[in-house]
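Structural overview for review
Chain by chain, the residues:
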Amino acid sequence: GGVDSTSVACMVYSMCRLVVTAVEERDSTVLKDVRRIVQDDKYTPKSAPEFAGRILTTCYMATSNSSQATRERAANLAKLIGSRHMVVNIDCVVASIVGSVSEVCGTKPRFAVHGGSQQQNLALQNIQARSRMVLSYAMAQLSPSSAGHSGSLLVLGTANVDEALRGYYTKFDCSAADINPIGGISKTDLRLFLQYCVENFNMASVLEAIIEAPPTAELEPITAEYTQTDEADMGMTYHELSVFGRLRKIHRYGPVSMFAKLAEIWPSTRSLSLVQVAQKRGLYSATRVRPDVPCCVAWMPCHAV
């Protein structure tokens, strides 16, 4: 129901469109590969959604912290692209792990909004995220047989490069996958890709709501006073993260030269003081917000200029 997972699903759907076009143009090599993948020597894809239903499985893994809005957006997207869609509630899995940990540690962890410590708050979020990874791989191995097929599915990752550079992700969650199609793409560019799908694939009815929705991990309880959002957790916007990433990876700026460059442009273009620029630059290299280990990627060798 968010930009990242939607982008991955739309990439597969775009691929399905290309495959169907190639088959219609009588590309025998593509058709042979299609039949091998779907394990049917007589199969010919009729449309992109029909083919997607044969090769793509999407799953909404809900907890008590998941919103009805993201559930509906995920279902609407799956219906539009034709994927085999499942909905699984993982509260029982999370509760089982929390119960085991509570028994060993002698105390039950609580979310921050319920009076828990930051460490407890992070641990409870990580348990949900990692549980989804375990279930993803279990379903990738077992769901084909339930549909009468042999073999296993590949698990696709949904972690973007901005979150990797910031360190805003849980180790072994959606970042752990067989293939991560968006691992080198920023959230800003993913939104542009979805806008391309809106304009070229006639997907406005579903994608516009996803593009406009505030990014959220939905790993903490929603209260009258608090709703978790990614940008509030990170202390910066995805646009700012994208700027940091481009300065570091493309221009090879180090910590000092990065601050000097941003001090030139952000006070005037984003109405930020030099103190605020320095704080955001510090956050970019700080420890993780949601995960449980320090982020070292921002301190990989780079050249100051």
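This part is about unusual backbone geometry. Even without a glycine there, the phi angle at Phe-172 is positive, about 65°. By secondary structure assignment, the location of Phe-172 is in the loop between helix H7 (161–166) and helix H8 (187–201). In this model, Arg-252 sits at a positive phi of 65°, which is unusual for a non-glycine residue. The topology assignment puts Arg-252 in the loop between helix H11 (238–249) and helix H12 (255–269).

Moving on to the packing of helix H2 (residues 28–38) against helix H3 (residues 48–55). Two numbers describe how H2 lies on H3: the axes approach to 10 Å, and their chain directions differ by 40°. Taken together, H2 and H3 sit at an angle that is classed as oblique. Here H2 runs over H3; the crossing is left-handed. For the pair H2 and H3, the contacting residues are Val-34, Ile-37 and Val-38 in the first and Phe-51, Arg-54 and Ile-55 in the second. Of the residues belonging to the contact of H2 with H3, the class tally is five nonpolar, no polar and one charged.

Pairs can form between side chains of opposite charge once their charged atoms are near each other. Counted according to the given criterion, the structure contains six salt bridges. Of the charged contacts in the structure, one is a salt bridge between Arg-270 and Glu-240, with a shortest N-O distance of 3.3 Å. In this pair, Arg-270 sits in the loop between H12 and helix H13 (274–284) while Glu-240 sits in helix H11, placing the two residues 30 residues apart along the sequence. According to the relative accessible area criterion, Arg-270 is partly exposed, its value standing at 29%. A salt bridge links Glu-240 to Lys-280; the nearest nitrogen and oxygen atoms lie 3.1 Å apart. Of this pair, Glu-240 sits in helix H11 while Lys-280 sits in helix H13, placing them 40 residues apart in sequence. For the pair Glu-240 and Lys-280, one class covers both residues: buried. Connected via shared salt-bridge partners are Glu-240, Arg-270 and Lys-280.

What follows is about the environment of Gly-99. Within the secondary structure, Gly-99 sits in helix H5 (residues 91–105). Take Gly-99: its relative accessible area is 36%, and that puts it in the partly exposed class. With 115 residues separating them along the chain, Gly-99 and Pro-214 place their C-alpha atoms 32 Å apart.

Between H11 and H12, whose axes approach to 11 Å, the crossing angle comes to 135°. The orientation of H11 relative to H12 falls into the category oblique. For the crossing formed where H11 meets H12, the hand is right-handed. Taking contact as the criterion, the partners of Glu-240, Val-243, Phe-244, Leu-247 and Arg-248 in H11 are, on H12, Met-258, Lys-261, Leu-262 and Trp-266. Its residues placed into classes, the contact of H11 with H12 shows six nonpolar, no polar and three charged.

What counts, and at which threshold
Residues numbered from 1 in each chain as written. Predicted model: local features only at pLDDT ≥ 70, side-chain atom pairs only at ≥ 80, totals over all residues. Heavy atoms only, no water. Helix = DSSP H or I, 4+ residues; strand = E, 2+ residues; numbered from the N terminus. Axes fitted to C-alpha atoms, helices over the stretch in contact; angles between N-to-C directions. Parallel < 35°, antiparallel > 145°, perpendicular 65-115°, else oblique. Left-handed = near helix turned anticlockwise from the far one by under 90°. Contact = heavy atoms within 4.5 Å. Nonpolar A, V, L, I, M, F, W, Y, C, P; charged D, E, K, R; others polar. Salt bridge = Lys/Arg side-chain N within 4 Å of Asp/Glu carboxyl O. Buried < 20%, exposed > 50% of the residue type's maximum accessible area, 1.4 Å probe, protein only.

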